[in-house]
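# Per-entry structural report
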Amino acid sequence: MKKIIVVALLASGLAACAQPQAPKEDSRLKEAYSACINTAEGSPDKIEACQSVLNVLKKEKAHEQFATQENIRVMDYQACIQARKTGNDQEVAKRCDKIWQEIRSNNN
């Protein structure tokens, strides 16, 4: 958990210091998000930390489309988690697992 928070803070710090045309830092943010997603293992708390990195990516023109699309996936996954908590386990489990796999495969 600490690692995820550190990654999110690092990404936020990089965003605050980033210059408008800084492709090296842009790629670090995307790498930070990818690492965050790959270590989240479907945990809602960890995914929230990843969302912070995604929000920073959304502010970058070069990654705006990716971040918007990925944000929808993360929101869908969180909706699956909520539905699972309300008792719709079987069908929801299939959908949640599929969305989670899409998120991970998109960030490898």
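Every value quoted in this text rests on a predicted model; they were computed, and no experiment measured them. (Residues numbered from 1 in each chain as written. Predicted model: local features only at pLDDT ≥ 70, side-chain atom pairs only at ≥ 80, totals over all residues. Heavy atoms only, no water.)

## Considering the packing of helix α3 (residues 44-58) against helix α4 (residues 64-86)
Contact pair α3 / α4: the axes reach a minimum separation of 9 Å and the direction vectors enclose 160 degrees. With respect to their mutual orientation, α3 and α4 come out roughly antiparallel. Between α3 and α4 lies a crossing of left-handed hand. Touching Pro-44, Ile-47, Glu-48, Gln-51, Leu-54, Leu-57 and Lys-58 of α3 are Glu-64, Phe-66, Ala-67, Thr-68, Glu-70, Asn-71, Val-74, Tyr-77, Gln-78 and Ile-81, all from α4. Its residues assigned to classes, the contact of α3 with α4 comprises nine nonpolar, four polar and four charged. (Axes fitted to C-alpha atoms, helices over the stretch in contact; angles between N-to-C directions. Helix = DSSP H or I, 4+ residues; strand = E, 2+ residues; numbered from the N terminus. Parallel < 35°, antiparallel > 145°, perpendicular 65-115°, else oblique. Left-handed = near helix turned anticlockwise from the far one by under 90°. Contact = heavy atoms within 4.5 Å. Nonpolar A, V, L, I, M, F, W, Y, C, P; charged D, E, K, R; others polar.)

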